Amino acid sequence: MASEDVKTSESAVSKFVNLAEEAKLAKEEIKPTKYQVYSVCKSLIAGGVAGGVSRTAVAPLERLKILLQVQNPHNIKYNGTVQGLKYIWRTEGFRGLFKGNGTNCARIVPNSAVKFFSYEQASKGILYLYQQQTGNDDAQLTPLLRLGAGACAGIIAMSATYPMDMVRGRLTVQIPYVGLNFAVYESLKDWLIKSKPFGFVEDNEIGIVTRLACGAAAGTVGQTVAYPLDVIRRRMQMVGWTNASSIVAGDGRNKAPLEYNGMIDAFRKTVRHEGFRALYKGLVPNSVKVVPSIAIAFVTYEQVKDIMGVEFRISD
């Protein structure tokens, strides 16, 4: 009996030890590794730097675009990109070109960090589900799936970095814009790597100039599609200002009412009183801004990640 009790006791101890070891292993698996933590930080930092650099590079064009969108058509001060920039320089000096850029960067840096990080995570998650569904472990994201991942990134970034009362209005513009940017950029890169046209790709590596071109194309497509939504959003934000309607349409007979019942009503009244072209006011400086801005953001993000990746490998 004593022998059986000893065996039973040893068996119980053995089971307890095994359970403890399993719990320890499970805890170690759940605990983020040094590399995982670094990877998250690297992605967030690279995204933040990309947002700050790209926004500062095009700050004068961003300010001019807004001034063109809301200026009084009966008292025009800004008549085109070059003339508008010269007018700001003459009346406000160099600092006038970057007025509000600090506030913009404070908003854009965290937004950009979350956006790039969210896109990476959403892409991984969607790719995993896609591979599971198709049963093909080598499957890659399609342009439509990239669009979905980009849309997810836009939603998460806007929700995480803006007060909730602003989210709905921001999402209306940012979902198609961010989604198209990522979808076009990543699809162009994939196409270049696979087809290798005109010697743009060497050893499956895309040069900085080529990546800048891909970013420029992505930004052009995204902002052209979403620009009318941006104009309408800014018009709707003006509701409630003193004499706000005179800012948009002047004090003449054709003053446009700014009491909008929603986005559709804002579209309808804008086109009725100012024509279809009003939906694209400020598009030229915005296009000149978006081409380098998106290109710089994508390339800066990838370069910063590459640099931080090299430093991490060296430190290990």
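Residues numbered from 1 in each chain as written. Predicted model: local features only at pLDDT ≥ 70, side-chain atom pairs only at ≥ 80, totals over all residues. Heavy atoms only, no water.

- Labelled according to an unreviewed UniProt entry, the protein chain appears under the name Mitochondrial adenine nucleotide transporter ADNT1, originating from Olea europaea subsp. europaea.
- One UniProt comment on the protein chain, placed under Subcellular location (unreviewed entry), says "Membrane".
- Among the UniProt annotations of the protein chain, the heading Sequence similarities (unreviewed entry) holds the following wording: "Belongs to the mitochondrial carrier (TC 2.A.29) family." (UniProt positions renumbered as here; feature names shortened; annotations may be inferred.)

## Some details on the packing of aromatic side chains
Each aromatic ring pair is summarised here by two numbers: the centre-to-centre distance and the angle between the ring planes.
Item 1. Following the criterion strictly, the structure yields 10 aromatic pairs and no others.
Item 2. Note on Phe-116 and Phe-182: the rings are 5.6 Å apart at their centroids and 80 degrees apart in plane angle, and the pair reads as edge-to-face. One end of the pair, Phe-116, is in helix H5 (residues 101-134); the other, Phe-182, is in helix H7 (residues 164-195), with 66 residues separating them in the sequence.
Item 3. Linked through ring pairs, Phe-116, Tyr-119, Phe-182, Tyr-185, Phe-298 and Tyr-301 together constitute an aromatic cluster. (Phe/Tyr/Trp six-rings, centres within 6.5 Å; stacked < 30°, edge-to-face > 60°. Helix = DSSP H or I, 4+ residues; strand = E, 2+ residues; numbered from the N terminus.)

## Re H5
Item 1. The end-to-end C-alpha separation of H5 is 46 Å, in line with the 50 Å expected for 34 residues at 1.5 Å each.
Item 2. One or two steps after H5, the chain reaches Gly-135, where phi turns positive at roughly 75 degrees. (Expected span 1.5 Å × (residues − 1).)

## With respect to helix H4 (residues 81-97)
Item 1. A rise of 1.5 Å per residue sets the reference length of H4, with its 17 residues, at 24 Å; its end C-alpha atoms lie only 12 Å apart and thus fall more than 12% short of the reference.
Item 2. In the structure, H4 departs most strongly from a straight axis at Thr-91, where the bend amounts to approximately 105 degrees.
Item 3. When we look at burial in H4, the residues that qualify are Thr-81, Gly-84, Ile-88, Gly-96 and Leu-97. (Bend = angle between axes of the 7 residues up to and from the residue. Buried < 20%, exposed > 50% of the residue type's maximum accessible area, 1.4 Å probe, protein only.)

## Here's the deal with the pattern of salt bridges
Item 1. One pass over the structure, following the stated rule, counts 10 salt bridges.
Item 2. Notably, a salt bridge pairs Glu-92 with Arg-63, separated by 3.0 Å at the nearest N-O pair. Placement of the pair is Glu-92 in helix H4 and Arg-63 in helix H3 (residues 59-70), with a sequence separation of 29 residues.
Item 3. Among the charged side chains, a salt-bridge network with shared partners connects Arg-63, Glu-92 and Lys-99. (Salt bridge = Lys/Arg side-chain N within 4 Å of Asp/Glu carboxyl O.)

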